[in-house]
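So the chains spell out like this:
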Amino acid sequence: MGGVSFLSTVPSFTNINNLQHLTLASSHRSGLIRCCKTDPQVSGESLPFHRRDVLKLAGTAVGMELIGNGFINHVGDAKAADLNQRRQRSEFQSKIKLALSKTIKSKPELVPSILTLALNDAMTYDKASKSGGANGSIRFSAEISRPENAGLSDGLALVEEAKKEIDSFSKGGPISYADLIQLAGQSAVKYTYLASAIRKCGGNEEKGNLLYTAYGSSGQWALFDRQFGRSDATEPDPEGRIPLWGKATVQEMKDKFIAIGLGPRQLAVMSAFLGPDQAATEQLLATDPQVAPWVQKYQQSRETVSQTDYEVDLITALTKLSGLGQQINYEAYTYPVERINLSKLKL
């Protein structure tokens, strides 16, 4: 049966002799398609239709049947619902980003704390048990108070402040901490990108914004943005899964990054997430022969106008990190749309 196709079940109309030949005609009065007789003397080779014409006829008949049964309407409804959900999620996410951008801009000194908050929430992921990850568990007092999270409470408080505003305008339920913490990390990264562009323009904010718009990597965030619909943990993640970044050796850092599926390259590009002093962190990382080439690469990239290598690789690493341990709910934050009853409209 594997060699049989739909086309092979359609009889050929060539070289058929001694049969009445049929052509297709349309009845304008009845709206139905019917067959009518033609000259039997016409040879098979000159028939006005072939197998593809029969397929078209069959497709038309099936289509008419589906329309008659309302199937096409159901498909249309499903597509419309899907489009509505994507629009709702996109609009909500845009408002979240705007709120976070304003919040972070009001307290830029907390950017390092927010970066490490996003990192440490995701770094609890354990590949063997497939537990932990970017699940918002760092919000629990038992976890935020651990030694590896020292100094992150202010960053978490800022995120919680933004959450109140975001939940107030959400039409599809409160945002999860898991989503909010990673989106806050994204906003903090974008803030550093923009700040760098402004510095390169001599502190001129208007020119810096133009520079970032022209050469920035905003278009690289699509996959990160799609990972929207993370679920919150209901309890703290297990202890002992995150190194003390300020005291860890480079080897310990590498081991942790490798354990979650990353490596020396991602360790180097995420140096700003490992503590408030990125320069000091990179000086330490440069002592390792596996990490040093990447540190040098990204330092050089940050000196260029576009920072392309640094920005793109950082976005890629953060995208992978922020999805650890999650099954994304792509219907999260959606809500039913009331249909307009046209019969009640007064025209």
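Read on for an overview of the structure. None of these values were measured; they are calculated from a predicted model.

The rules behind these values
- Residues numbered from 1 in each chain as written.
- Predicted model: local features only at pLDDT ≥ 70, side-chain atom pairs only at ≥ 80, totals over all residues.
- Heavy atoms only, no water.
- Axes fitted to C-alpha atoms, helices over the stretch in contact; angles between N-to-C directions.
- Helix = DSSP H or I, 4+ residues; strand = E, 2+ residues; numbered from the N terminus.
- Left-handed = near helix turned anticlockwise from the far one by under 90°.
- Contact = heavy atoms within 4.5 Å.
- Nonpolar A, V, L, I, M, F, W, Y, C, P; charged D, E, K, R; others polar.
- Phe/Tyr/Trp six-rings, centres within 6.5 Å; stacked < 30°, edge-to-face > 60°.
- Buried < 20%, exposed > 50% of the residue type's maximum accessible area, 1.4 Å probe, protein only.
- Lys NZ or Arg CZ within 6 Å of the ring centre and 35° of its normal.
- Lys, Arg positive; Asp, Glu negative; His and termini not counted.
- Salt bridge = Lys/Arg side-chain N within 4 Å of Asp/Glu carboxyl O.

## Thoughts on the packing of helix 5 (residues 153–169) against helix 6 (residues 177–200)
Axis separation between helix 5 and helix 6 bottoms out at 11 Å; the angle between their running directions is 115°. In this structure, helix 5 crosses over helix 6, and the sense of that crossing is right-handed. Taken together, the residues of helix 6 that come into contact with helix 5 (itself represented by V159, E160, K163 and I166) are Y177, L180, I181 and A184. Within the contact of helix 5 with helix 6, the residues separate by chemical class into six nonpolar, no polar and two charged.

## A look at the packing of aromatic side chains
Applying the stated criterion across every chain yields a total of 10 aromatic pairs. A ring pair is formed by F92 and Y333, whose centres lie 5.2 Å apart and whose planes are at 55°; its orientation type is tilted. Of this pair, F92 sits in helix 2 (residues 71–106) while Y333 is found in the segment after helix 13 (308–322), placing the two residues 241 residues apart along the sequence. Here the two residues F92 and Y333 agree in accessibility, since each one is buried. Relative to Y310, the ring of Y193 has its centre 6.3 Å away and its plane inclined at 70°; by these criteria the two rings are edge-to-face. Placement of the pair is Y193 in helix 6 and Y310 in helix 13, with a sequence separation of 117 residues. For the pair Y193 and Y310, a shared accessibility class is recorded, and that class is buried. Aromatic ring contacts, followed pair by pair, group Y193, Y212, W294, Y298 and Y310 into a single cluster. Sitting over the ring of Y330, R226 keeps its end group 4.5 Å from the ring centre.

## A word on the side chain of E311
Mapped onto the fold, E311 is located in helix 13. Within the buried core, E311 has no salt-bridge partner, and the shortest N-O distance to an opposite charge, that of K200, equals 6.6 Å. Not counting chain neighbours up to four residues away, the residues in contact with E311 comprise Y193, Y212, G216, S217 and S306.

## As for the pattern of salt bridges
Under the definition given, this model contains 10 salt bridges. In this structure, K163 and D167 form a salt bridge, with 2.7 Å as the shortest nitrogen-oxygen distance. Remark: D167 and K163 occur in helix 5; sequence separation between them is four residues, near one turn of the helix. In this structure K163 comes out as buried when scored by relative accessible area, which is 10%.

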